[in-house]
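# Close look at the chain arrangement
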Amino acid sequence: MNIQTAIIKGTNILKEKYIPTAKLDSEILMAKAIGQDRKYIILNNDKNLKEENLKYFQKLIEERSSRKPIAYLTNKKFFWKSEFFVTRDTLIPRPDTELIIEQILKLSKYKNKMNILDIGVGSGCILLSILKERKNFYGTGIDISKNCLNISKINAMNLKVVARAKFFKSDVDKFVQGKYDMIVSNPPYINKLDLKYLESDVANFEPKLALDGGLDGLSEIRKVISKSSELIKKNGKFILEIGFDQKNKVINLLKKKGFYINSILKDFAKNDRCIVSTKI
């Protein structure tokens, strides 16, 4: 069977499962199966496949038809300006989270040096994207998952910022190292009872540890705000990603811990997604 025929068959299987990006996904998975890029696939679609490559492709299509995300099948996700290594131990970086990168770059435009802490660093996509952009900045990432930290370290090496990044396995409550010019966090903020209503791509595959915000969705956010108020320097900036319906509650928590609210950022769907505040 040639590449084109296999891709058509793969596309049809995914369409039957109502996957909207069926053709694109089929091409990406073919590229993965034969160890080439998508451009090669398009230019060589009449080439015959080796038996083992065809079998691998069919296996990938089967997994994708169960709604397993493409990023976990290919172990990569493009975010900001770089490709990140991801596994099922980390959340898949979201386009909405790039708003945080834009905001941090604006806030740090005239800064020569900054020491940044990322609480719940995950794949490292936020912290490492900033270090890549700002050559004199230093970053620290903490996470309770050892696997996440290993993935962050791989990404730090791939992005060539490993000399300016440190990683610690720690719960935010117990972390006491350093004082920071800026703190950023995308903590778990989904109400425990709502987890089962998430899209199956997310609910069945992404790590619960990175999603579960407790019974009111705020248990991790409370801890992050409380500890950040101790770890941040006076006049330091704190950038926090939140759930679409949490703005007012989170603002109250921030104010109680001595933060002044600078702005609320909306995501691409026009939901409140991020709060920028200053320690006063």
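Structure first, text after, so check above.
The following refers to the structure shown. (Residues numbered from 1 in each chain as written. Predicted model: local features only at pLDDT ≥ 70, side-chain atom pairs only at ≥ 80, totals over all residues. Heavy atoms only, no water.)

## Focus: the packing of aromatic side chains
If you walk through the whole model with that rule in mind, you get 3 aromatic pairs. Between F168 and F175, the ring centres sit 5.7 Å apart and the planes meet at 50°, which makes this aromatic pair tilted. Residue classification places F175 among the buried positions, given a relative accessible area of 3%. Note on F238 and F259: the rings are 5.2 Å apart at their centroids and 40° apart in plane angle, and the pair reads as tilted. Of this pair, F238 sits in strand β7 (residues 232-241) while F259 sits in strand β8 (residues 259-266), and the two are 21 residues apart along the sequence. (Phe/Tyr/Trp six-rings, centres within 6.5 Å; stacked < 30°, edge-to-face > 60°. Buried < 20%, exposed > 50% of the residue type's maximum accessible area, 1.4 Å probe, protein only. Helix = DSSP H or I, 4+ residues; strand = E, 2+ residues; numbered from the N terminus.)

## Concerning the pairing of strand β2 (residues 82-85)
Residues S82 and F84 line the buried face of β2, whereas the alternating positions E83 and F85 sit on a face that is not buried. One ladder, built from 4 bridges, connects strand β1 (residues 76-79) with β2; its direction is antiparallel. The partner of F78 across the bridge, within β2, is E83. Turn length for the β1-β2 hairpin, with the two strands adjacent in sequence and antiparallel, is 2 residues, and the turn residue W80 shows positive phi of about 55°. (Pairing = 2+ DSSP bridges.)

## Some remarks on the nonpolar core
One finds I104, I116, L128, F167 and I239 to be the most contacted residues of the largest nonpolar core, which totals 29 residues. Listed by contribution, the elements that provide at least two residues to this core are α6 (98-107), α7 (125-133), α8 (146-158), β5 (165-169), β6 (180-185) and β9 (272-279). The element that contributes the greatest number of residues to this core is α7, accounting for 6 residues. For I116, the residues in contact, after removing those within four places along its chain, are L127, I130, F137, Y138, G139, T140, Y180, M182 and V184. If you look at the next biggest cluster of nonpolar residues, it comprises 23 residues, including I142, I221, L240 and I251. (Core = buried A, V, L, I, M, F, W, Y, C linked by side-chain atoms within 4.5 Å. Contact = heavy atoms within 4.5 Å.)

## Details of unusual backbone geometry
Positive phi outside glycine occurs at R67, with the angle close to 80°. Mapped onto the secondary structure, R67 falls in the loop between α4 (51-65) and α5 (70-74). Given a relative accessible area of 21%, R67 falls into the partly exposed group. Located in the positive-phi region is K160, a residue other than glycine, with phi close to 60°. As for its placement among the helices and strands, K160 is situated in the loop between α8 and β5. Exposure remark for K160: the relative accessible area of 70% places this residue in the exposed category.

## Quick word on the pairing of strand β3 (residues 115-119)
For β3, a buried count of 4 out of 5 residues is recorded, marking the element as mostly surrounded by other parts of the structure. Sheet analysis places β3 next to strand β4 (residues 138-143), joined by 5 bridges and oriented parallel. Across the sheet, I119 pairs through a bridge with I142, a residue of β4. Where the polypeptide runs from β3 across α7 and back to β4, its parallel neighbour, the crossover connection is right-handed. Where β3 meets β6, 4 bridges bridge the pair, whose relative direction is parallel. Within β6, the position partnered with L117 by the bridge is I183. (Right-handed = clockwise from strand over helix to strand, strands pointing away.)

## Here we look at the packing of helix α10 (residues 219-231) against helix α11 (residues 247-256)
Close contact between α10 and α11 brings their axes to 9 Å; oriented N to C, the two are set at 25°. The angle between the axes of α10 and α11 places the two elements in the roughly parallel class. The hand of the α10/α11 crossing is right-handed. Here I221, R222 and I225 of α10 lie close against α11, whose contacting residues are V250, L253 and L254. Tallied by class, residues from the contact of α10 with α11 come to 5 nonpolar, no polar and 1 charged. (Axes fitted to C-alpha atoms, helices over the stretch in contact; angles between N-to-C directions. Parallel < 35°, antiparallel > 145°, perpendicular 65-115°, else oblique. Left-handed = near helix turned anticlockwise from the far one by under 90°. Nonpolar A, V, L, I, M, F, W, Y, C, P; charged D, E, K, R; others polar.)

## A few points about the environment of N150
Here N150 is to be found in helix α8. Taking the C-alpha atoms as reference, N150 lies 35 Å from I13; in sequence the two are 137 residues apart.

## What to know about the sheet that holds β6
Taken in spatial order, the 7 strands make up an open sheet running β5-β4-β3-β6-β7-β9-β8, and their pairing is mixed. A strand with exactly one partner marks an edge of an open sheet, and here the two such strands are β5 and β8. Taking the axes of each pair of neighbouring strands and ignoring which way they run, one obtains an average angle of 15° across the sheet. In this fold α8 packs onto β4 and β5, with an angle of close to 170° to the strand it touches most, β5. Across the sheet, α10 is in contact with β3, β6, β7, β8 and β9; its angle to β7 comes to roughly 160°.

Geometry only, nothing functional implied.
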